[in-house]
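Chain by chain, the residues:
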4 protein chains.
Amino acid sequence: MKPRLAPALKVTRWLNTSSPIELEALKDRVVMILAFQMLCPGCAVQALPQARRVRALFAPDDLMVLGLHTVFEHHEAQGGEAALTAFLHENRIDFPVGIDMPGETPASLPLTMQSYRMQGTPTLILLDRKGEIRKQRFGHTEDLLLGAEIMSLIQEPSQSA
Amino acid sequence: MKPRLAPALKVTRWLNTSSPIELEALKDRVVMILAFQMLCPGCAVQALPQARRVRALFAPDDLMVLGLHTVFEHHEAQGGEAALTAFLHENRIDFPVGIDMPGETPASLPLTMQSYRMQGTPTLILLDRKGEIRKQRFGHTEDLLLGAEIMSLIQEPSQSA
Amino acid sequence: MKPRLAPALKVTRWLNTSSPIELEALKDRVVMILAFQMLCPGCAVQALPQARRVRALFAPDDLMVLGLHTVFEHHEAQGGEAALTAFLHENRIDFPVGIDMPGETPASLPLTMQSYRMQGTPTLILLDRKGEIRKQRFGHTEDLLLGAEIMSLIQEPSQSA
Amino acid sequence: MKPRLAPALKVTRWLNTSSPIELEALKDRVVMILAFQMLCPGCAVQALPQARRVRALFAPDDLMVLGLHTVFEHHEAQGGEAALTAFLHENRIDFPVGIDMPGETPASLPLTMQSYRMQGTPTLILLDRKGEIRKQRFGHTEDLLLGAEIMSLIQEPSQSA
């Protein structure tokens, strides 16, 4: 299957960054996007600590780690920016996290979740240096595999090379 | 040090139970109280899963497991009942959880936390069959020790015996 | 089922102790026997570290922890005393370990294993203060349960009480 | 520091392979060598299970996983081939394992251990497709890092390319 260009992130607000993140501006770097919800146990116990390990291991010039808060359930509990800010602080997450834009109706998935056709949280997405989606996986990914996948993309030549 | 009678729980609302819990009515049973905050990583990753294991292991007639949501930071994020309800649902916690009553000022600790002189979350408290505080510990307790401590209290004669 | 008195341990040699262990002499104490083989992964990874935790937690006057090396396979690899001594040293096991007496033929189970009707390794056995077998379990036991089971036996009155 | 060509493995006997392994013949593939001792707890609990995960993840044409039994202590317990064979069987290790050739005197390190200047077990060594040593690490390596390091070497062009 031919990789497709990653859709733009539709985000109401970015935390942990002084200016909004545009995927377009990240080309030439590999990007890992972790879509999560703060009340999803698999996210809190496994996926977010893994994302912190990834961020600590790879050079920022090679890999950008982004969080995406894709609230599709318990909106009243997870929907507030204050709650997310506190959650990121307590869990020592300091990479940029965008709040996915709510869908058309209360029952709709948020917009980025829709455009990437995500099935739930956690979802891990890897973009290559050209901005194309190379991996998208719902659920847990083992560290050994993730390390290998990221390195494989880092070593690919960028578009401009 | 002589054990002291456990102070009454000052709770604004109980979840996972059809009627409010009174410690007085639990005499003749051992009681484990886990004071937690939903955004405290040590609570979500270690203490609450342990409380679920404890509840699954011991007979309800011997041991009552209670949660106490002692919000003393990030009130705007953790203070809502809807958020706590969603959190308990996602983490499959089905034992009764009380919401500790807010303190006199926004900077005060909640009232039960004050009366038990708790230092933070998670805090684990064990009451014997007479309703006296026999253990109170801030931080993590190993399973082997906790199993032994609970069984030791279960085997003590109750007040009425 | 009525508990039965624990059969005597038939041991060719005791390590980590200056004099042989007799169960008869341990009455009035609770005894935990861990039957293991040094090349059994479940023993090395789970059961022996757990036995070390048990020994560290309970008072020696209340609980005696014993190991029993029940070699029923790979005799040429596990049968030597030098190998077992090195294994205990490397794994920092300092409680007494007896070498179960070989069976009548090379295909027979060792004698203590036979008399306790063990099914494999690891097997965990708990004796009460009267020397009766109260628990015998093949495979892994959770720490929470084991802590409770041991404490329950410790609190029973001894024969002489 | 300029990488040096990996010294030949000096091995008395290979297990899990029908013919002896020569590093020279493995050129064009990445090679991971895990030096271990069967009675070293860090090897049994962490390094060997990790080596099994590595072998399961990468294609054999890209990566060859080798074990090296470098007995430098407890020779009487670990030195026998029967013991090692049983250990590999119980721990389900099916990649080739060589027995490092004993040193000149009983107190000497085995010969391959000497020529690689290893400091102990476990030691992890990565060779690139040209047969040069690119990583050598005593102790534990995190999965995320190891996955990245192996993939990085896999993607390098081979000598003949």
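Here is what the cut-offs are and how they apply
Residues numbered from 1 in each chain as written. Chains lettered and ligands numbered in written order. Predicted model: local features only at pLDDT ≥ 70, side-chain atom pairs only at ≥ 80, totals over all residues. Heavy atoms only, no water. Helix = DSSP H or I, 4+ residues; strand = E, 2+ residues; numbered from the N terminus. Rg over C-alpha atoms; globule rule 2.2 N^0.38 Å. Buried < 20%, exposed > 50% of the residue type's maximum accessible area, 1.4 Å probe, protein only. Contact = heavy atoms within 4.5 Å. Areas by Shrake-Rupley, 256 points an atom, 1.4 Å probe, with all protein chains shown as cover. Buried area = accessible area lost by both parts, 1.4 Å probe. Salt bridge = Lys/Arg side-chain N within 4 Å of Asp/Glu carboxyl O. Polar contact = N/O pair within 3.5 Å; in protein donor to acceptor, adjacent residues only side chain to side chain. Nonpolar A, V, L, I, M, F, W, Y, C, P; charged D, E, K, R; others polar. Disulfide = S-S within 2.5 Å. Pairing = 2+ DSSP bridges. Axes fitted to C-alpha atoms, helices over the stretch in contact; angles between N-to-C directions. Least-squares fit on C-alpha atoms with pLDDT ≥ 70 in both. Phe/Tyr/Trp six-rings, centres within 6.5 Å; stacked < 30°, edge-to-face > 60°. Core = buried A, V, L, I, M, F, W, Y, C linked by side-chain atoms within 4.5 Å.

Chemist: How should the overall build of chain A be read in this particular structure?
Modeler: Assigned secondary structure in chain A consists of five helices and six strands. The order of helices and strands in chain A, counted from the N terminus, is β-β-α-β-α-α-β-α-β-β-α. Expected size for 161 residues packed as a compact globule is a radius of gyration near 15 Å; at 15 Å, chain A falls within 12% of this value. Viewed in the frame of its principal axes, chain A has a C-alpha envelope of about 45 × 30 × 30 Å. The proportion of buried residues among the 161 residues of chain A is 55%. Nonlocal contacts in chain A, meaning residues at least 24 apart in sequence, comprise 72% of its contacts between residues at least 6 apart. When the accessible area of chain A is evaluated, it comes to approximately 7300 Å², of which 52% is carbon and sulfur surface.

Chemist: Would you explain the arrangement of the chains in this entry?
Modeler: With no contact between them, chain A and chain C keep their nearest C-alpha atoms 21 Å apart. Chain D makes no contact with chain B, the minimum C-alpha separation between the two being 21 Å.

Chemist: Would you explain the interface of chain A and chain B in this entry?
Modeler: Where interface size is given, it is often the accessible area lost as the parts come together that is meant. On the chain B side, the residues contacting the 15 residues of chain A number 15 residues. Buried surface at the junction of chain A and chain B, summed over both partners, amounts to about 1300 Å²; 70% is from carbon and sulfur atoms. One can count zero salt bridges joining chain A with chain B. At the junction of chain A and chain B, the tally comes to two residue pairs in polar contact (both at pLDDT 80 or more). Elements supplying a minimum of two residues to the side of chain A that touches chain B: α1 (41-57), α2 (75-78) and α3 (81-90) of chain A. In the side of chain A that touches chain B, the residues fall into nine nonpolar, three polar and three charged.

Chemist: For this particular structure, what's the right way to read the state of the cysteines?
Modeler: As used in these notes, a disulfide is a covalent bond between sulfur atoms, one from each of two cysteines. All names here are of chain C. Scanning the entire structure with this criterion turns up four disulfides over all chains. Note on cysteine connectivity: Cys40 is disulfide-linked to Cys43, with sulfurs 2.4 Å apart. The S-S bond linking Cys40 to Cys43 shows a torsion near 80°; that makes this disulfide right-handed. For the pair Cys40 and Cys43, one class covers both residues: buried.

Chemist: Is there a simple way to think about the sheet that holds strand β2 (residues 30-36) of chain D in this case?
Modeler: Pairing between the strands of a sheet is mediated by backbone hydrogen bonds and can be parallel or antiparallel. Residues and elements named next belong to chain D. Here we have six strands laid out as an open sheet, ordered β1-β4-β3-β2-β5-β6, and mixed in their pairing. Each of the sheet's edge strands pairs with one partner strand only, and the pair in question is β1 (11-15) and β6 (133-138). The average angle at which neighbouring strand axes cross in this sheet is 20°, direction not considered. Summarising the sheet, β2 and strand β3 (residues 63-69) pair through seven bridges and their orientation is parallel. When the bridges of β3 are listed, Ile33 appears paired with Leu66. Lying on the sheet, helix α1 (residues 41-57) is in contact with β2 and β3; it crosses β2 at an angle near 160°.

Chemist: Is there a simple way to think about the relation of the copies chain A and chain B in this case?
Modeler: Turning one copy of the chain about an axis and sliding it along that axis gives the other copy, so a rotation and a shift relate them. With an RMSD of 0.0 Å, the fit of chain A onto chain B corresponds to turning through 180° and sliding 0.0 Å along the axis. In short, the pair behaves as if placed about a two-fold rotation axis. For chain A, the residue whose C-alpha comes nearest the rotation axis is Val45 of chain A, separated from it by 3.0 Å. Here 100% of the contact residues of chain A are again contact residues in chain B; the copies associate through an equivalent surface.

Chemist: Would you mind going over the relation of the copies chain B and chain C with me for this structure?
Modeler: With an RMSD of 0.0 Å, chain B superimposes on chain C once it is rotated by 180° and translated 0.0 Å along the axis. A share of 100% of the interface residues of chain B reappears at the interface of chain C, consistent with the copies meeting face to face through the same patch.

Chemist: What's the story with the packing of aromatic side chains in this structure? I'm lost.
Modeler: Describing an aromatic ring pair means giving the distance of the ring centres and the angle of the ring planes. Residue and element names in this part refer to chain A. Enumeration according to the criterion identifies four aromatic pairs over all chains in this entry. For the pair Phe36 and Phe87, a centre-to-centre distance of 6.3 Å together with 25° between the ring planes defines the contact as stacked. In this pair, Phe36 is assigned in strand β2 (residues 30-36) and Phe87 in helix α3, connecting sequence segments 51 residues apart. In this pair, the class of Phe36 matches that of Phe87, namely buried.

Chemist: Just to check I follow, could you spell out the pattern of salt bridges for this structure?
Modeler: When charged atoms on two side chains of opposite charge get close, those side chains can pair. Tallied over the entire structure, the rule returns 36 salt bridges over all chains. The closest approach of N and O atoms between Glu81 of chain D and Arg13 of chain D, which form a salt bridge, is 2.6 Å. Residue Glu81 of chain D is located in helix α3 (residues 81-90), and its partner Arg13 of chain D is located in strand β1; the two are separated by 68 residues in the primary sequence. Residue class for Arg13 of chain D comes out partly exposed when judged on its relative accessible area of 42%. One continuous salt-bridge network, built from bridges that share partners, spans Asp128, Arg134 and Glu156 of chain A.

Chemist: What is the right way to read the nonpolar core from this model?
Modeler: Looking at soluble globular proteins, one finds that nonpolar side chains tend to be buried together. If you look at the biggest cluster of nonpolar residues, it comprises 144 residues, and the most contacted ones within it are Met32 of chain A, Met32 of chain B, Met32 of chain C together with Met32 of chain D. Excluding anything up to four places from it in sequence, Met32 of chain B contacts Ala51, Val54, Leu63, Met64, Val65, Leu66, Leu124, Ile125, Leu126, Leu146 and Ile150 of chain B.

Chemist: Would you mind going over the pairing of strand β4 (residues 97-100) of chain D with me for this structure?
Modeler: Successive residues of a regular strand alternate their side chains across the two faces of the sheet. Residue and element names in this part refer to chain D. Along β4, one buried face is formed by Val97 and Ile99 and the opposite face, lined by Gly98 and Asp100, is buried too. In this sheet, β4 lies alongside β1 in antiparallel orientation, the contact comprising four bridges. By the bridge assignment for β4, Trp14 is matched with Gly98. Of the strand pairs in this sheet, β3 and β4 are connected by three bridges, and their pairing is parallel. If you follow Gly67 over to β4, its bridge partner there is Val97.

These values are about where atoms sit, not about what they do.
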